[in-house]
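Report on the structure
The chain contents come next:
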Amino acid sequence: MQRVAVIGAGTMGNGIAHVFAQNGHAVNLVDVSAAALEKALQTISKNLDRQVAKGTITEADKTQTLANITLQPEMAAGVKDVALVVEAATENVALKLKIFQDLDQHANPETILATNTSSISITKIAAVTKRPEKVIGMHFMNPVPVMKLVEIINGYATDKAVTDTIVTLSANLGKVPCVVNDYPGFIANRILMPMINEAICSLFEGIAGVEEIDTVMKLGMAHPMGPLQLADFIGLDVCLSILNVLHDGFGNPKYAPCPLLVNMVTAGYLGIKSGEGFYKYAAGSKDLVVSTRFK
């Protein structure tokens, strides 16, 4: 599986392209936005610089990794003659279904189509294609170059040979593959998102403050990052989207998003990506400052 295509040049897409390219794959990074593609390449270059500074790769490795990446604004050209496509677009059902319809039309019949979705049904995505047996979930964790886990999700019709191929490929990328089945939230977010939602509810109900909630989970449960800081890192809009998938999929009120989360997303306070969520983020600063709204 020498050549792959990655659809979407955002945070996850550029991370996935980085990892494949660094491990010797030719990568077509596809996005309709030329600006997004250029920004992605700059991000990959900066992240490679960090690896060089740490001594984990050489300058020659960085040069070769960047040479392995081709920026491509056209999907049809970007997915032609690739063995694998990894879709990493925004966590939006309608958008992903449209992308997979297009991928099915433009990619070779034998090409495996993977999605980096964190919660949307693989079976539902596969159903809009004529190759459901070749559709699979390949859920990388953020930041992709650093995090070891790849959650591999079988759709209802996914062929075992496809699963085995993706498991082997993930391991060859230096990742740890974990295979799960296709139910709302899979495993990672089915467990993580209710915890984050409960932390937000605890804040909403006045049980404790932002710093106190995060400190309890960091020091008491050995989490590297508190749930509210993690929610900011993931994006509060993404958290809300996943909770809605869980709530709609199971019909269980325990997955209902906290009203505070709904209000924050509606108002545009999305965490790091907007500059403020539960914490306030200043460019160039690594200090963790609680938003004045929660003081």
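Remember, predicted model here, so these are calculated numbers, not experimental data. (Residues numbered from 1 in each chain as written. Predicted model: local features only at pLDDT ≥ 70, side-chain atom pairs only at ≥ 80, totals over all residues. Heavy atoms only, no water.)

Focus: the layout of surface pockets
Basically, it comes down to this: The way it works is a 1 Å grid over only the protein atoms, where trapped points that fit a 1.4 Å probe form a cavity and open points with protein on both sides within 12 Å along at least five of seven lines form a pocket, and then any residue with an atom within 4 Å of a point lines it. Grid points are joined across faces, edges and corners, and a volume is the space filled by probe spheres set on the points. Secondary structure elements follow DSSP: runs of H or I of four or more residues count as helices, runs of E of two or more count as strands, with numbering from the N terminus. All amino acids are sorted into three groups, where Ala, Val, Leu, Ile, Met, Phe, Trp, Tyr, Cys and Pro are nonpolar, Asp, Glu, Lys and Arg are charged, and the leftover types, Gly among them, are polar. Throughout, the edges of the domains are those of an automatic or database domain assignment.
Considered as a void within the structure, the second largest pocket measures approximately 160 Å³ in volume. Every residue along the wall of the second largest pocket is listed here: V93, S119, I120, S121, K124, D182, Y183, P184, F186, V245, D248 and G249. The biggest single contributor to the lining of the second largest pocket is helix α11 (residues 236-250), with three residues. Residue classes in the lining of the second largest pocket are distributed as six nonpolar, three polar and three charged. Domain assignment of the residues forming the lining of the second largest pocket places at least three in each of domain 1 (3-181) and domain 2 (189-290).

Some thoughts on a positive patch on the surface
Heads up, the condition is: Here, patches come from residues exposed beyond 30% relative accessible area and free of salt bridges, joined within 9 Å for like charges and within 5 Å for nonpolar side chains (Val, Leu, Ile, Met, Phe, Trp, Tyr). Under the convention used here, a 1.4 Å probe and the Shrake-Rupley method define accessible areas, while residue burial counts only the protein chains that appear. Salt bridges are defined as contacts in which a side-chain nitrogen from Lys or Arg sits within 4 Å of a carboxyl oxygen from Asp or Glu. When charges are tallied, Lys and Arg are placed among the positive residues and Asp and Glu among the negative ones, while His and the ends of the chain are skipped. One atom stands in for each charge, and that atom is NZ of Lys, CZ of Arg, CG of Asp or CD of Glu.
Together, K46, R50, K54 and K286 make up a positively charged patch on the protein surface. Assignment of secondary structure puts K286 in the loop between β9 (279-280) and β10 (289-290).

Looking at the side chain of Q72
Keep this limit in mind: Two residues form a contact once any of their heavy atoms are found within 4.5 Å.
Tracing the chain through its elements places Q72 in strand β3 (residues 69-72). Apart from residues lying up to four places away in sequence, Q72 is in contact with L29, V30, D31, L37, A77 and G78.

Some remarks on the nonpolar core
Let me state the cut-off plainly: For our purposes a nonpolar core is just a set of buried Ala, Val, Leu, Ile, Met, Phe, Trp, Tyr and Cys residues, chained together by side-chain atoms within 4.5 Å. Think of it in three bands: with a 1.4 Å probe and only protein chains considered, a residue is buried below 20% of the maximum accessible area for its type, exposed above 50%, and partly exposed in between.
Ranked by internal contacts, the top residues of the largest apolar core, which has 32 residues, are F20, L84, M138 and F140. If we skip the residues at most four places from it in the chain, M138 touches F20, L84, V86, A114, T115, N116, V150, E151, I166, L169 and S170. The next biggest cluster of nonpolar side chains, apart from the first, holds 27 residues, and it includes M193, I213, L228 and L240.

The quantities given are spatial measurements derived from coordinates; they are silent on function.
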